[in-house]
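What follows is the residue order along each chain.
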Amino acid sequence: MAAGDLLEIKGVNGDISVSLAQGSDVVVTAESRGRKSDPSTVRIEVVEHSGGVTLCAVYPDRRGERENYCGVGEDGRMNTRDNDVQVDFHVELPRGVDFAGRTVNGEVDARDLESDLVAVTVNGDINVSTTGFAEAETVNGSIDARMDARDLGRGAKFATVNGSITVDVADDIDADIDASWLNGGFESDLPVMLEGRMSRRSANGRLGDGGPELELSTVNGSIRIR
């Protein structure tokens, strides 16, 4: 894969871990195991497209239901239906190859990368760090993210429901801040020029000269900018 291409990993039950490759090859290892269900019933599908490559853990179909299949981005059908097989993906990602990791029940851990990345799960923590752009979303889990890029481009979003959010950004970043929480608080190691007064549940302002929006939201947890 060339720099600027996107490697997308889509799972359902299982963790996704990503590390920086030493060479120019992408290496993906899928490790499957099950307690009651047969791991061999879950297949790994590979979809090559103009923007890169998508790999999915595709679970067996149930009689009378629509077929499961691997699709790019929001496309695809990934229903497990009482199949307890867990598939963990381990990825070695070369410099410049962008990454998107999506799972449902599992953690996403992508550290010390040199490319843009997106991480999404439902039940699990997210830990990401990169020299490029990053964004992350979970429901039941905390987010710890570091991105060294000064320019956020189109903006970035970090969101959870039950968990805290910690985002480490470049000291000289220019961004607009939109932070919201219900049961928690907000703090920043960098000076934030507030727009109006900070309420008990939200804060709006800017870092540096302002710019693309950095959206941070949680319900039960605190938000910190480092």
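This report concerns the structure included in the present document. Along every chain, residues carry numbers that run from 1 in the direction the sequence is written. Totals for whole chains, interfaces and linings use every residue, but because this is a predicted model, local features are given only for residues with pLDDT of at least 70 and side-chain atom pairs only at 80 or more, for both listing and counting. Processing note: side-chain calculations cover all non-hydrogen atoms of the structure and skip hydrogens and water entirely.

### Let's talk about the overall build of the protein chain
Only DSSP runs of H or I reaching four residues or more are called helices, and only runs of E reaching two or more are called strands; each is numbered from the N terminus. Helix and strand content of the protein chain: zero helices and 22 strands. The C-alpha atoms of the protein chain give a radius of gyration of 19 Å, which matches the 17 Å a tight globule of 226 residues would have. Seen along its three principal axes, the alpha-carbon backbone of the protein chain occupies a region of about 55 × 40 × 25 Å. Counted over contacts in the protein chain with a minimum sequence separation of 6, partners at least 24 positions apart contribute 53%. Only the protein chains shown count as cover for residues, with accessible areas throughout obtained via the Shrake-Rupley method and a probe of 1.4 Å. Here the protein chain displays about 11,200 Å² of accessible surface, and carbon together with sulfur accounts for 42% of that area. In this tally, Lys and Arg are treated as positive and Asp and Glu as negative; His is ignored, and so are the chain termini. Charged side chains are reduced to one point each, which is NZ for Lys, CZ for Arg, CG for Asp and CD for Glu. For the protein chain, the distance from the average position of its 23 positive side-chain charges to the average position of its 41 negative side-chain charges is 7 Å. Here the globule rule reads 2.2 Å times residues to the power 0.38, and the radius of gyration is calculated from C-alpha atoms. Residue contacts are counted whenever heavy atoms from the two residues lie within 4.5 Å of one another.

### Re the sheet that holds strand β18 (residues 186–188)
Ordered by their spatial adjacency, nine strands build an open sheet running β3-β8-β2-β10-β12-β14-β16-β22-β18, and the pairing between neighbours is mixed. Both edges of this open sheet fall to β3 (27–33) and β18, since each of them pairs with a single strand only. Averaged over all pairs of adjacent strands, the angle between strand axes in this sheet comes to 10 degrees, irrespective of strand direction. The pairing of strand β12 (residues 126–130) with strand β14 (residues 143–147) spans five bridges and is classified as parallel. In the sheet register, T130 faces β14, and the bridge partner there is M147. Pairing between two strands requires that DSSP report at least two bridges joining them. Think of each axis as a best-fit line through the C-alpha atoms, taken over the contacting stretch in the case of a helix, with angles from 0 to 180 degrees between the N-to-C directions.

### Thoughts on the environment of G196
Locating G196 in the fold gives a position in the loop between β19 (192–194) and β20 (202–207). Three exposure classes are used, based on accessible area relative to the maximum for each residue type with a 1.4 Å probe and protein chains only: buried under 20%, partly exposed in between, and exposed over 50%. With a relative accessible area of 60%, G196 lands in the exposed category. As a C-alpha pair, G196 and A179 span 17 residues in sequence and 13 Å in three-dimensional space.

### Observations concerning the packing of aromatic side chains
Within 6.5 Å between ring centres, the rings of Phe, Tyr and Trp (the latter by its six-membered ring) count as paired, and their orientation is classed by plane angle as stacked under 30 degrees, edge-to-face over 60, tilted in between. What the rule picks out here adds up to one aromatic pair. With a centroid separation of 6.0 Å and 10 degrees between ring planes, the pair formed by W181 and F186 is classed as stacked. An identical accessibility class is assigned to W181 and F186; each is buried.

### Remarks on the sheet that holds strand β15 (residues 156–159)
Spatially, 11 strands are ordered β4-β5-β1-β9-β11-β13-β15-β21-β17-β20-β19 in an open sheet, and the strand pairing comes out mixed. Of all the strands in the sheet, just β4 (43–49) and β19 have a single pairing partner and so form its edges. Each neighbouring strand pair of the sheet contributes to a mean axis angle of 15 degrees, computed without reference to strand direction. Of the pairings in the sheet, the one linking strand β17 (residues 175–180) to strand β21 (residues 213–217) comprises five bridges and is parallel in character. Paired with D178 across the strands is E215, a residue of β21.

### As for the nonpolar core
Residues enter a nonpolar core if they are buried and are Ala, Val, Leu, Ile, Met, Phe, Trp, Tyr or Cys, with the set joined through side-chain atoms within 4.5 Å. Within the largest apolar cluster, 50 residues are counted, with the highest numbers of intra-cluster contacts made by L7, F99, M147, F158, L214 and L216. Per-element tally for this core: the top contributor is strand β8 (residues 86–93), with four residues. When sequence neighbours within four positions are dropped, the list of residues in contact with F99 reads L6, L7, I9, I16, V18, V91, L93, D116, L117 and V118.

### Considerations on the side chain of N13
Positionally, N13 belongs in the loop between β1 (6–10) and β2 (16–20). The exposure class assigned to N13 is buried, which follows from its relative accessible area of 16%. Here N105 takes part through its side chain, which lies 2.7 Å from a polar atom of the side chain of N13. Apart from residues no more than four positions distant in its own chain, N13 is found in contact with Y59, T80, N83, V85, Q86, V87, T103 and N105. Counting of polar contacts relies on pairs of N or O atoms within 3.5 Å, with two restrictions inside protein: one atom must be capable of donating a hydrogen and the other of accepting it, and residues adjacent in sequence are counted only when both atoms are side-chain atoms.

### Quick notes on a nonpolar patch on the surface
Like-charged residues are merged into a patch within 9 Å and nonpolar side chains (Val, Leu, Ile, Met, Phe, Trp, Tyr) within 5 Å, provided each residue has over 30% relative accessible area and no salt bridge. By definition here, a salt bridge exists when the distance from a side-chain nitrogen of Lys or Arg to a carboxyl oxygen of Asp or Glu is within 4 Å. Together, V104, V122, V139 and V161 make up a nonpolar patch on the protein surface, roughly 220 Å² of accessible area in all. Considering the arrangement of structural elements, one finds V161 in the loop between β15 and β16 (165–169).

Purely spatial values, then, with no claim about function.
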